[in-house]
Amino acid sequence: MTSALRLIRYLNIAAFSRLGILLCCIVLFALVSCSKKEQVSDFPENTQEVLEIIDKMLPGKKLRIEKRLDYIDSVKVLINNCPVSNVNTRILLYDSLVEAYRHFEIDSLIHYSRQAACFSESAGLPAKAERYLIMNTYALLLKGHTFEALMKVDTTDVERLYPENRVDFLIEAWHVSLSALSFFSPHEVNPDYLGRLVNVSRRLVDILPQEHDFYPLAKAVVLLGEKNYTLAVSFLTSRLECMDLSDPFYCDYGSIMAMIEHSRANYDQWLYMQALITLSELKNLILDGEAMRQLCAALVMADDIDHSLNYLIESQADNAFSGAIMRGVHVSDAIPVISKNYKKKEQSHWKLLYRAIILMLVLVMACGIAMYVHFRNKKRLLAMHSKLEQANDRKEDNLGNFIALCASCMERIEDLNRVVLRKLGAGQANELHSLAKSGKFVDEQRRMFYDVFDEVFIGMYPTFVDEVNALCMPDKQIRLTDSGKLTPELRILAFMRLGTDDGSQIARLLGLSLNTVYTYRNRAKNRAVDRVSFEADIMKIGRIC
């Protein structure tokens with residue numbers, strides 16, 4: 001748009017020659033047309049593709065609106081600087097300005113169309129003035145003057161209009177009737193307003209040549225009034241197939257096609273058509289249309305609440321900018337429905353969130369339990385490892401004690417051998433016999449065995465005595481000797497813990513009689529809290545689990 005203003009200055013149109021102004025208008029129209037048309041590689045084949053294109057185009061709409069406003073400002077500059085005597089040029093500029101405001105800003109459209117009508121009237125162009133006032137009819141309806149617009153349509157005698165304005169008036173009346181039908185058909189088609197639209201369409205069919213762009217549309221509406229849907233669709237389809245979405249007529253043709261699809265309960269195709277009409281309005285920068293609002297209702301039925309809410313907000317913003325009050329009222333009808341469905345969807349999301357939170361809590365608890373079990377097992381393993389290390393240490397100590405005991409025995413045997421040889425050599429056989437009969441050597445070796453056994457066993461099972469007493473009644477506890485050694489009773493239990501359960505073997509190792517061993521075992525059982533499991537419990541002492 002800046003390039004257009006530069007071109008104006010370049011042409012030096014201060015004197016406003018007709019040629020200079022016409023060149024500027026051509027340039028401005030070309031720039032706006034380029035800004036309105038956007039390339040679409042392929043015609044969208046389904047609703048989802050259309051919605052994706054709409055979503056991509058919506059962020060750029062603000063820039064396109066700014067470009068349109070720049071264009072409008074440029075035309076206003078030209079009008080203000082154009083001499084009043086240059087009637088044809090001012091009319092051309094007014095046409096451009098009114099067309100730029102059409103479907104863009106209703107208040108400005110009404111204002112400048114009236115201004116253009118006053119200028120045309122003063123310039124001796126009553127037909128042109130009449131045409132500008134005709135273009136106000138649809139705008140009055142959107143501003144909320146519904147009764148006034150409908151009365152203007154009903155009371156205007158078409159035959160009294162200038163011939164060149166009759167078709168324009170009927171087309172304007174057709175749009176007024178279509179919008180009124182939309183306003184007063186919130187759920188089902190209102191037959192009274194449909195009849196009004198059909199009557200206007202019949203009048204158009206009667207006066208329009210068949211090659212006119214509007215003829216198939218008017219004919220399709222007449223067939224719609226006759227409920228001849230198949231033939232009406234064929235009329236519309238023949239034109240829609242060769243139309244581009246940037247064609248302004250696409251919105252009108254698409255609206256009637258969508259109405260037919262809705263009447264035939266073909267809601268998927270109705271949704272598709274509403275999406276295409278919305279895209280067409282977006283391409284043509286039509287801000288006072290209702291396609292996006294209709295699309296909101298269709299998307300609610302399709303359970304696409306997110307798109308519906310976004311388009312509802314966008315539609316309301318367009319209505320506020322354009323000043324289409326009636327569209328805004330109509331949009332408000334969809335708000336409770338969308339709000340209700342959105343709340344329902346939100347509740348569904350909350351339920352999913354609660355379930356996810358519960359699942360996460362369960363997983364966290366499971367992880368906590370798993371970690372607890374892991375660390376507990378690790379602690380047990382460390383404890384077992386420590387016990388195994390202690391057992392290895394005791395094994396080494398016990399091996400050393402065993403070697404020391406064997407060495408001591410060998411030494412004692414050698415000493416005994418020397419004593420025997422010396423006594424026999426000295427002829428002291430009787431003394432040797434007395435020494436052997438006294439058992440001195442045997443008792444000495446047994447005491448040594450007791451000392452080593454007690455030390456080794458207590459080292460292996462340091463809590464043995466306490467655990468034995470835990471199995472006994474409180475008043476029948478077993479104590480160590482004053483020197484910290486095991487008593488014969490405890491030694492018998494110690495041999496049992498080591499797996500030596502044979503009484504005769506225990507008797508030989510301890511140097512006791514078999515009856516003495518049994519006596520000690522019975523005495524120990526009598527001390528026990530549970531006589532039956534006493535010996536089995538002894539076997540469990542010091543066991544690593």
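The rules behind each value
Residues numbered from 1 in each chain as written. Predicted model: local features only at pLDDT ≥ 70, side-chain atom pairs only at ≥ 80, totals over all residues. Heavy atoms only, no water. Core = buried A, V, L, I, M, F, W, Y, C linked by side-chain atoms within 4.5 Å. Buried < 20%, exposed > 50% of the residue type's maximum accessible area, 1.4 Å probe, protein only. Helix = DSSP H or I, 4+ residues; strand = E, 2+ residues; numbered from the N terminus. Contact = heavy atoms within 4.5 Å. Salt bridge = Lys/Arg side-chain N within 4 Å of Asp/Glu carboxyl O. Phe/Tyr/Trp six-rings, centres within 6.5 Å; stacked < 30°, edge-to-face > 60°. Lys NZ or Arg CZ within 6 Å of the ring centre and 35° of its normal. Arc of directions from axis to C-beta. 1 Å grid on protein atoms, 1.4 Å probe; cavity = no way out; pocket = protein on both sides within 12 Å on 5 of 7 lines; lining within 4 Å. Points joined across faces, edges and corners; volume = space filled by probe spheres on them. Nonpolar A, V, L, I, M, F, W, Y, C, P; charged D, E, K, R; others polar. Patch = residues over 30% accessible without salt bridge, like charges linked within 9 Å, V, L, I, M, F, W, Y side chains within 5 Å. Areas by Shrake-Rupley, 256 points an atom, 1.4 Å probe, with all protein chains shown as cover. pLDDT = per-residue confidence, 0-100. Polar contact = N/O pair within 3.5 Å; in protein donor to acceptor, adjacent residues only side chain to side chain. Axes fitted to C-alpha atoms, helices over the stretch in contact; angles between N-to-C directions. Parallel < 35°, antiparallel > 145°, perpendicular 65-115°, else oblique. Left-handed = near helix turned anticlockwise from the far one by under 90°.

> Mind showing me how you'd approach the nonpolar core here?
As a rule of thumb, nonpolar side chains are buried together in soluble globular proteins. One finds Ile-54, Trp-174, Leu-204, Leu-236, Ile-256 and Tyr-311 to be the most contacted residues of the largest nonpolar core, which totals 105 residues. Per-element accounting of this core gives the leading share, 10 residues, to helix H10 (residues 163–183). Residues contacting Ile-54, with those up to four places away along its chain left out, are Ala-275, Thr-278, Leu-279, Leu-282, Leu-295 and Tyr-311.

> In this structure, what is going on with unusual backbone geometry? I would like to understand it.
A negative phi angle is the norm for most residues apart from glycine, just as the trans form is the norm for most peptide bonds. Residues other than glycine seldom take positive phi values, yet His-103 does so here, at roughly 65°. Note that His-103 resides in the loop between helix H5 (87–101) and helix H6 (106–122). Relative accessible area serves as the criterion here: at 21%, His-103 is assigned to the partly exposed category. Backbone geometry at Lys-227 places phi at a positive 60°, although glycine is not the residue there.

> Would you take a moment to explain the pattern of salt bridges for this structure?
Close approach of charged atoms lets side chains of opposite charge pair. Throughout the structure, instances matching the rule amount to 16 salt bridges. The residue Asp-213 makes a salt bridge to Arg-239 at a minimum N-O spacing of 3.4 Å. Of the two residues, Asp-213 is situated in the loop between helix H11 (191–207) and helix H12 (215–225) and Arg-239 in helix H13 (residues 229–240); the sequence distance between them amounts to 26 residues. A salt bridge links Lys-485 to Asp-451, with the nearest nitrogen and oxygen atoms 3.9 Å apart. Note that Lys-485 is positioned in the loop between helix H21 (464–471) and helix H22 (488–497) and Asp-451 in helix H20 (residues 440–460), a separation of 34 residues in sequence.

> How should the packing of aromatic side chains be read in this particular structure?
Note on aromatic pairs: each is described by the distance of the centres and the angle between the planes. In total, this model carries 13 aromatic pairs according to the counting rule given. Measuring from centroid to centroid gives 4.8 Å for Phe-457 and Phe-464, while their planes differ by 85°, and the two rings are edge-to-face. Judged on exposure class, the residue Phe-457 and its partner Phe-464 are both buried. Pairwise contacts between aromatic rings join Phe-449, Tyr-450, Phe-453, Phe-457, Tyr-461, Phe-464 and Phe-495 into one cluster. In this structure, Arg-90 is placed above the aromatic ring of Phe-119, and the distance from its NZ or CZ to the ring centre is 5.0 Å. In this structure, Arg-491 is placed above the aromatic ring of Tyr-450, and the distance from its NZ or CZ to the ring centre is 4.3 Å.

> How should I be thinking about helix H9 (residues 146–155) in this particular structure?
Since there are 3.6 residues in each turn of an α-helix, residues three or four apart along the chain are aligned in direction. Along H9, the residues classified as buried are Thr-146, Ala-149, Leu-150 and Val-153. Projection of H9 onto a plane perpendicular to its axis shows the buried side chains occupying an angular sector of 95°, all on one side. In this structure, H9 carries Phe-147 and Thr-155 as exposed residues pointing more than 90 degrees from its buried face.

> I would appreciate a short explanation of empty space enclosed by the protein in the present structure.
A probe as big as a water molecule, rolled over the atoms, marks out the empty space that is left. Scanning all chains against the criterion turns up two cavities of 30 Å³ or more. Considering only enclosed or pocket space, the largest cavity measures out at about 110 Å³ in volume. The wall of the largest cavity is formed by Lys-61, Thr-278, Glu-281, Leu-282, Leu-285, Ile-286, Leu-287, Gly-289, Met-292, Ser-315, Asp-318 and Asn-319. Those elements that place two or more of their residues in the lining of the largest cavity are helix H15 (267–283) and helix H17 (305–322). Grouping the constituent residues of the lining of the largest cavity by class yields five nonpolar, four polar and three charged.

> Please clarify how a nonpolar patch on the surface should be interpreted in this entry.
On the surface, a cluster of nonpolar side chains totalling about 500 Å² of accessible area is made up of Trp-350, Leu-353, Tyr-354, Ile-357 and Leu-361. One can find Tyr-354 in helix H18 (residues 325–425). Residue class for Tyr-354 comes out partly exposed when judged on its relative accessible area of 49%.

> Can you help me understand the confidence of the model for the protein in this one?
As a note on interpretation, predicted positions should not be read in detail where pLDDT is low. Averaged over all residues, the pLDDT of the protein equals 82, while 85% of them reach at least 70. Segment residues 1–41: pLDDT under 50, and 59 contacts once partners within four positions in sequence are set aside and those in other chains are kept.

> Got a minute to help me understand the side chain of Arg-239 in this structure?
There is a polar contact of 3.4 Å between the side chain of Arg-239 and the side chain of Asp-213. Ignoring anything within four residues of it in the chain, the contact list for Arg-239 reads His-212, Asp-213, Pro-216 and Tyr-253.

> How should I be thinking about the packing of helix H16 (residues 291–301) against H17 in this particular structure?
For any two helices packed against each other, one specifies the inter-axial angle together with the distance between the axes. The interhelical angle for the contact between H16 and H17, taken along N-to-C directions, is 165°, at an axis separation of 9 Å. By the angle between their directions, the pair H16 and H17 is classed as roughly antiparallel. The crossing of H16 and H17 is left-handed. Of the residues in H17, those touching H16 at Met-292, Arg-293, Leu-295, Cys-296, Leu-299 and Val-300 are His-307, Ser-308, Tyr-311, Leu-312, Glu-314 and Ser-315.

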